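Listed below, chain by chain, are the residues.
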Amino acid sequence: MQLLKHKLEVNEDGWDHEIPTTYFSQPYGFIDCMEWVYNVLINPPVNYCCYKKSDFNNTNINQIIPQIRIGFIGDIMKLNGVEFIISENIKSFFSDTDLLIGNFEGTILRDSCKPVFMGQVHAESILEILSGFFPPSRTVLSCANNHSGDYGWTGFCSSYQLIQDYGFITIGRRDEPSIVIDGKVNIVSCTSWSNQKCNFVATIDEADRYFLDDAAFNILYPHWGYEMQLNPKLRQVQQGRELLSKWDMVIGHHSHCPQPIVLHENNLRQKLMAYSLGNFCNNKAIQGRQIGIILKVELGPDQSGAWAAGRVQWEFISISPLNDRSVELSISFRQGLPINGQFI
Ligand SMILES: [Fe+2]
């Protein structure tokens, strides 16, 4: 499998320069900000699981000849020193995938930095944990999210480089927004939000620039939507439909809770939209609470030779406490409950 970063020229002076950060900075307008306060600080959803597994899980959504199998996880959040164990059932789920992609939410800092409100500082040990989970050379870490700019250009660059030093593939910097697999599949990282002023990550506003006409299949992997909302807002659903009129698949993240996975038919092909995979890891273990979704998709040509998605499989995941210091992430076999949510 050949993996090549797609490099772009950025025609904006100073995009790769330091912009001073401030202690308190957030991306939302007034109403969205008030909703964030309510949903995140005052009344987070008690049950993150918002919907049942739909009937197309573990089925072929299009008839194809599978060529590539890609695994997706959601937000990789800081662990605050918790010993984090990834169970064998999750490793087994991804054992047949060619490539894994996750959203690396935050910055690894080796030196102390001035504090930032809600700053996501990862310990370097997260890279050891991820290395033991899936081979780094086949793991793509998307670094375009609302926390990418928490510690400025300098913090971003040193963290981005360190992740690569461990052998992982990083994308999401504005001049390298995507990875191309075997010249056929283009996976694009981008974000709708940045807490701090930040010109150096790929944004959803520029997503069209990152689309490759000569790729057989273009996947958008955006950091979008809102935290702790079980369903996307109508305007995000509309944006999603527009994106799927161009992109072949959209797999999102940022909500920190699982959101719906749906199909949209386009030119007689079923296209997959996962609004948000929620979290892959975080530092809070609450028995039975489903924090996110792991997903894998087969891609390949259909009868006409055009590439499409074939078999789609996903599972909810949850974190259970093992003892005072250790937690385990595993597939959650509890059936989703149709509360507070619906199929869209
Ligand atoms: Fe986020």
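Bear in mind the structure is a predicted one, so any value in this text is a computation, not a measurement.

Here the focus is the pairing of strand β18 (residues 307-321). For β18, the buried fraction is high: 11 of the 15 residues fall into the buried class. In terms of strand pairing, strand β2 (residues 59-60) meets β18 through two bridges, oriented antiparallel. The residue bridging threonine 59 from the neighbouring strand is valine 312, located in β18. Between strand β17 (residues 290-301) and β18, which pair antiparallel and follow one another directly, the connecting turn spans five residues, one of which, glycine 305, has a positive phi of 95°. In the sheet, β18 pairs with strand β19 (residues 326-331) via five bridges, with the strands oriented antiparallel. By the bridge assignment for β19, serine 318 is matched with serine 330.

Looking now at the confidence of the model for the protein chain. Scored by pLDDT, the protein chain comes out at a mean of 90, with 94% of its residues at no less than 70. Counted against residues more than four places away or in other chains, residues 337-344, with its pLDDT under 50, gives 21 contacts.

Bringing the environment of leucine 127 into the picture now. Residue position: leucine 127 is located in helix α3 (residues 125-131). Once the C-alpha coordinates of leucine 127 and glycine 167 are considered, the two residues, 40 residues apart in sequence, prove to be 9.6 Å apart. Once you skip the residues sitting within four places of it in the chain, leucine 127 turns out to touch Ile163 and Tyr166.

Definitions and cut-offs
Residues numbered from 1 in each chain as written. Predicted model: local features only at pLDDT ≥ 70, side-chain atom pairs only at ≥ 80, totals over all residues. Buried ≥ 20, exposed ≤ 12 C-beta atoms within 10 Å, placed from the backbone. Helix = DSSP H or I, 4+ residues; strand = E, 2+ residues; numbered from the N terminus. Pairing = 2+ DSSP bridges. pLDDT = per-residue confidence, 0-100. Contact = placed C-beta atoms within 7 Å.

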